[in-house]
Amino acid sequence: MAQEIILASGSPHRRMLLRNAGLEFSAQKPDIDERAVEAALAGSGATPEDVAAVLAEAKAIAVSERHPAALVIGSDQTLSLGDELFHKPADMEAARRQLLRLSGRTHQLSSAVVLVGEGKAVWRHTSVAHMTMRKLDPAAVGRYLSDVGEAALGSVGSYQIEGRGIRLFEKIEGDFFTIVGLPLLPLFAALHDRGAIDG
């Protein structure tokens, strides 16, 4: 009997990506305080990639402790501009400030994915994408937010690259799955290597 696979995430985007790829899995939202995990890393010299990896592992371990026989997928993404880490905007004004801060600059998306079994990480991977946003004036930001509405609050950086957010960018270096927050190619290679999936 194949090992049960659980996605440790409440993200509809990650669930959709795995479903579209034909993976059989269930999903559970992990019960962790992500900001508390980040705060514990403050001053440690942790990079944005490190933060994403630690959060991904913490999510997967939290679910694995309830389902030790399952193979649990944990994933997380950070957006950084230099040393500054961004989070999902709390409201439309915060989204406006984020977009103006990112305007005309190159920021980094670090997407980490981990596999956990019996409460221990058995595989880890982090991919990075570099995103260069067009120079946006306040009026352009206002029009964009008016067009996308509350959807801007669902993603760090206040954009979804798979929708109207693509129009904000002049250059992207990195693969699509890293940008949307779940590096599928290395994940499926690891699942194949472990015999967790066929074909």
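Use the structure listed above.
Okay, so let's go over this structure. What you see is a predicted model; the values in this text were computed from it and never measured.

### Focus: the layout of surface pockets
Here is step 1 of the chain: In this model, the largest pocket occupies a volume close to 810 Å³.
Here is step 2 of the chain: Where the lining of the largest pocket is concerned, the elements lending two or more residues are α1 (12–20), α2 (34–41), α3 (48–64), β3 (71–81), β4 (84–86) and α6 (176–180).
Here is step 3 of the chain: Top element by residues in the lining of the largest pocket is β3. It accounts for four residues.
Here is step 4 of the chain: Split into classes, the residues belonging to the lining of the largest pocket amount to 13 nonpolar, eleven polar and nine charged.

### Some details on the environment of Ile161
Here is step 1 of the chain: By the element assignment, Ile161 lies in the loop between α5 (138–148) and β7 (169–173).
Here is step 2 of the chain: Its relative accessible area of 10% is what places Ile161 among the buried residues.
Here is step 3 of the chain: When neighbours within four sequence positions are excluded, Ile161 is seen to be in contact with Met131, Ile166, Phe169, Ile172, Phe176, Ile179 and Val180.

### Concerning the pattern of salt bridges
Here is step 1 of the chain: Enumeration over the complete set of coordinates arrives at ten salt bridges.
Here is step 2 of the chain: With its nearest N and O atoms 2.6 Å apart, the salt bridge here joins Lys59 to Asp76. One end of the pair, Lys59, is in helix α3; the other, Asp76, is in strand β3, with 17 residues separating them in the sequence.
Here is step 3 of the chain: Look at Lys59 and you get buried, because its relative accessible area is 8%.
Here is step 4 of the chain: The exposure class assigned to Asp76 is buried, which follows from its relative accessible area of 5%.
Here is step 5 of the chain: Here the residues in one salt-bridge network are Glu34, Arg35, Glu38, Lys59 and Asp76, joined through shared partners.

### Thoughts on the packing of helix α4 (residues 92–102) against α5
Here is step 1 of the chain: It is the contact of α4 with α5, at a shortest axis distance of 10 Å, that shows an interaxial angle of 135 degrees. As the angle between them shows, α4 and α5 are arranged oblique. Crossing of α4 over α5 shows right-handed handedness. When α4 is examined against α5, the residues Met92, Ala95, Arg96, Leu99 and Leu100 are found in contact with a partner set consisting of Pro138, Val141, Tyr144 and Leu145.
Here is step 2 of the chain: Considering only residue class, the contact of α4 with α5 consists of eight nonpolar, no polar and one charged.

### A look at the nonpolar core
One broad trend across soluble globular proteins is that nonpolar side chains are buried collectively.
Here is step 1 of the chain: Grouped together as the largest cluster of nonpolar side chains are 42 residues, with contacts concentrated most on Leu18, Leu23, Ile73, Tyr159, Leu187 and Leu191.
Here is step 2 of the chain: The element best represented in this core is helix α7 (residues 184–193), accounting for five residues.
Here is step 3 of the chain: Beyond its immediate sequence surroundings of up to four residues, Leu191 is in contact with Ile5, Leu23, Leu71, Leu115, Ala196 and Ile197.
Here is step 4 of the chain: If you look at the next biggest cluster of nonpolar residues, it comprises twelve residues, including Ala8, Ala56, Ile61 and Ala70.

### Quick look at the side chain of His107
Here is step 1 of the chain: Assignment of secondary structure puts His107 in strand β5 (residues 106–117).
Here is step 2 of the chain: Separated by 2.7 Å, the side chains of His107 and Tyr159 make a polar contact.
Here is step 3 of the chain: His107 has contacts with Leu79, Ser80, Leu81, Leu102, Ala129, His130, Met131, Met133, Tyr159 and Phe169, leaving out every residue within four places of it along the chain.

### Examining α3
Here is step 1 of the chain: With 17 residues, α3 extends 24 Å between its outermost C-alpha atoms, agreeing within 8% with the 24 Å of an ideal straight helix rising 1.5 Å per residue.
Here is step 2 of the chain: Judged by how many residues are buried, α3 sits mostly within the fold: twelve of 17 residues are covered.

Reading the values: the criteria
Residues numbered from 1 in each chain as written. Predicted model: local features only at pLDDT ≥ 70, side-chain atom pairs only at ≥ 80, totals over all residues. Heavy atoms only, no water. 1 Å grid on protein atoms, 1.4 Å probe; cavity = no way out; pocket = protein on both sides within 12 Å on 5 of 7 lines; lining within 4 Å. Points joined across faces, edges and corners; volume = space filled by probe spheres on them. Helix = DSSP H or I, 4+ residues; strand = E, 2+ residues; numbered from the N terminus. Nonpolar A, V, L, I, M, F, W, Y, C, P; charged D, E, K, R; others polar. Buried < 20%, exposed > 50% of the residue type's maximum accessible area, 1.4 Å probe, protein only. Contact = heavy atoms within 4.5 Å. Salt bridge = Lys/Arg side-chain N within 4 Å of Asp/Glu carboxyl O. Axes fitted to C-alpha atoms, helices over the stretch in contact; angles between N-to-C directions. Parallel < 35°, antiparallel > 145°, perpendicular 65-115°, else oblique. Left-handed = near helix turned anticlockwise from the far one by under 90°. Core = buried A, V, L, I, M, F, W, Y, C linked by side-chain atoms within 4.5 Å. Polar contact = N/O pair within 3.5 Å; in protein donor to acceptor, adjacent residues only side chain to side chain. Expected span 1.5 Å × (residues − 1).

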